[in-house]
Amino acid sequence: MNPSAPAAMPTRPLGRTGLSVTTLGFGASGIGNLGYARPDLDAAQAVHAAWEAGIRLFDTAPHYGLGLSEQRLGEALRAYPRDAYLLSTKVGRLLRPHPAPTGSDLAAGGFDVPDDLIRVWDFSADGVARSIEESLTRLGVDRIDIVYVHDPDDAVDDAVSHAVPALTALRDQGVIGAVGVGMNQWQAPLRMVRETDLDVVMLAGRYTLLDRSGEQLLDECESRGVAVVAAAPFNSGILARPWPQDGTNFNYGPAPDEVLQQARRLAETCREHDVTLPVAALQFPLRHPAVASVVTGMRSAEHVVDAVTGMQTTVPDGLWQATR
């Protein structure tokens, strides 16, 4: 059954899968304490605010907070009918006991959680099966709708030969609904779209108002009926405020000066059209016909309100023409 959504939250088909997704999706890395810790209550309130706003696509991963994101998301979603939303998680990193914990995952993984566990890369068929089983336990659900191969940058051959075929077999058996790959680059997903039977690509930060380097991948996906979920529309911070500040992040590191200046030119153009930079950044990916949904991190109810408001704001066509 496809998830229902109120009129205020449009849906789009997820490629050829027969599933539909809301055009705005809840990214759950933040509720895994990405960068800094927030209490359980904040995480629950964020999920409930997303639900009330009509969001019916929720994305997580074992990587996010060493399982904390999956645990918190699953706990909050237990308040709602399982058939009423789509849930995605990822494979490629198994969580195993840490032989020498330091007390914090911030330095190694970027999450403010105890590092009692450690990530172990595994793109084998057995690793995929174990990862899904463990995610089901952490989430407390009986099925996962979309499973992405997560960040196989250094293991593309293994992903093509082992992880994706294992997932497509599970899809064909009806165990999962759709098979995807999720990455911060476009070149490897392009190869995988051409060589494997993917349903969806989650592309983070490579088709944004500022960085459109992934357009070739999106065009290929459109021609093959593969859906795209555009993640990280703010390029990890530089597009998240009306005026990009000195020292802001671009793709998980300090923004180079030329990138900062380019972002400020975009901000000025947005001002000329009475639109803020974050609103334009949030809506931009949906202009490509391959994009089914934009997923952005929401660690609080306030973040949800900002994202939903941004998605509902009218953007004049002149702005898109001016930022071409």
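Please read these numbers as outputs of a predicted model, since none were measured by experiment.

Caption draft 1: Local environment of the nonpolar core. Formed by 90 residues in total, the largest nonpolar core has its most connected members in Phe26, Phe58 and Leu167. Ranked by residue count, the leading element in this core is helix α5 (residues 156–172), at eight residues. Those residues within four positions of Leu167 in sequence are excluded, and the remaining contacts are Val91, Val128, Ile132, Val147, Val149, Ile176 and Val179. Leu19, Leu86, Ala227 and Val229 belong to the second largest nonpolar core, which has 16 residues in total.

Caption draft 2: Geometry of the sheet that holds strand β3 (residues 24–27). With respect to topology, eight strands assemble into a closed barrel ordered β3-β4-β5-β8-β9-β10-β11-β14, the strand pairing being parallel. Within this sheet the neighbouring strands show an average axis-to-axis angle of 25°, counted without direction. Judged from the four bridges that link them, strand β5 (residues 86–91) and strand β8 (residues 146–150) form a sheet pairing that is parallel. Of the residues in β8, the one forming a bridge with Val91 is Val149. Running over the sheet, helix α4 (residues 125–139) touches β5 and β8 and is turned about 135° from β5. This element, helix α6 (residues 187–195), spans β9 (178–183) and β10 (200–204) of the sheet and lies at about 160° to β9.

Caption draft 3: Focus on the environment of Asp105. Mapped onto the elements of the fold, Asp105 is located in the loop between β6 (93–97) and α3 (106–109). On a C-alpha basis, the gap between Asp105 and Leu66 in space is 8.3 Å, while along the polypeptide they are 39 residues apart. Excluding its chain neighbours within four sequence positions, the residues that come into contact with Asp105 are Leu66, Gly110, Phe111, Val113, Asp115 and Arg119. One polar contact links Asp105 to Arg119, side chain to side chain, over a distance of 2.9 Å.

Caption draft 4: Here's a closer look at the pattern of salt bridges. Here the structure, examined in full by the defined rule, presents 23 salt bridges. Notably, a salt bridge pairs Asp42 with Arg38, separated by 2.8 Å at the nearest N-O pair.

Caption draft 5: Here's a closer look at the pairing of β3. Both faces of β3 are covered, namely the face carrying Leu24 and Phe26 and the face carrying Gly25 and Gly27. In the sheet, β3 pairs with strand β14 (residues 291–297) via four bridges, with the strands oriented parallel. Within the sheet, the bridge partner assigned to Phe26 lies in β14 and is Thr296. Where β3 lies against strand β4 (residues 57–59), two bridges are found, and the strand directions are parallel. Within β4, the position partnered with Phe26 by the bridge is Phe58. Assessed by its sense of winding, the connection that carries the chain from β3 through helix α1 (residues 40–52) to β4 is right-handed.

Caption draft 6: Here's a closer look at the packing of α6 against helix α7 (residues 215–224). The geometry of α6 relative to α7 is characterised by a closest axis approach of 9 Å and an angle of 15° between their N-to-C directions. Regarding the angle of α6 to α7, the classification is roughly parallel. Crossing angle aside, the handedness with which α6 passes α7 is left-handed. Counted together, Pro189, Leu190, Val193 and Arg194 of α6 and Gln216, Leu217, Glu220, Cys221 and Arg224 of α7 form the full contact between these two elements. Residues that form the contact of α6 with α7 fall into these classes: five nonpolar, one polar and three charged.

Caption draft 7: Region of the structure containing the confidence of the model for the protein chain. Residue-level pLDDT values for the protein chain average 96, and 98% of them are 70 or greater. Confidence drops under a pLDDT of 50 for residues 1–7, and excluding neighbours within four residues, the segment shows 19 contacts in the predicted structure.

Procedures and definitions
Residues numbered from 1 in each chain as written. Predicted model: local features only at pLDDT ≥ 70, side-chain atom pairs only at ≥ 80, totals over all residues. Heavy atoms only, no water. Core = buried A, V, L, I, M, F, W, Y, C linked by side-chain atoms within 4.5 Å. Buried < 20%, exposed > 50% of the residue type's maximum accessible area, 1.4 Å probe, protein only. Helix = DSSP H or I, 4+ residues; strand = E, 2+ residues; numbered from the N terminus. Contact = heavy atoms within 4.5 Å. Pairing = 2+ DSSP bridges. Axes fitted to C-alpha atoms, helices over the stretch in contact; angles between N-to-C directions. Polar contact = N/O pair within 3.5 Å; in protein donor to acceptor, adjacent residues only side chain to side chain. Salt bridge = Lys/Arg side-chain N within 4 Å of Asp/Glu carboxyl O. Right-handed = clockwise from strand over helix to strand, strands pointing away. Parallel < 35°, antiparallel > 145°, perpendicular 65-115°, else oblique. Left-handed = near helix turned anticlockwise from the far one by under 90°. Nonpolar A, V, L, I, M, F, W, Y, C, P; charged D, E, K, R; others polar. pLDDT = per-residue confidence, 0-100.

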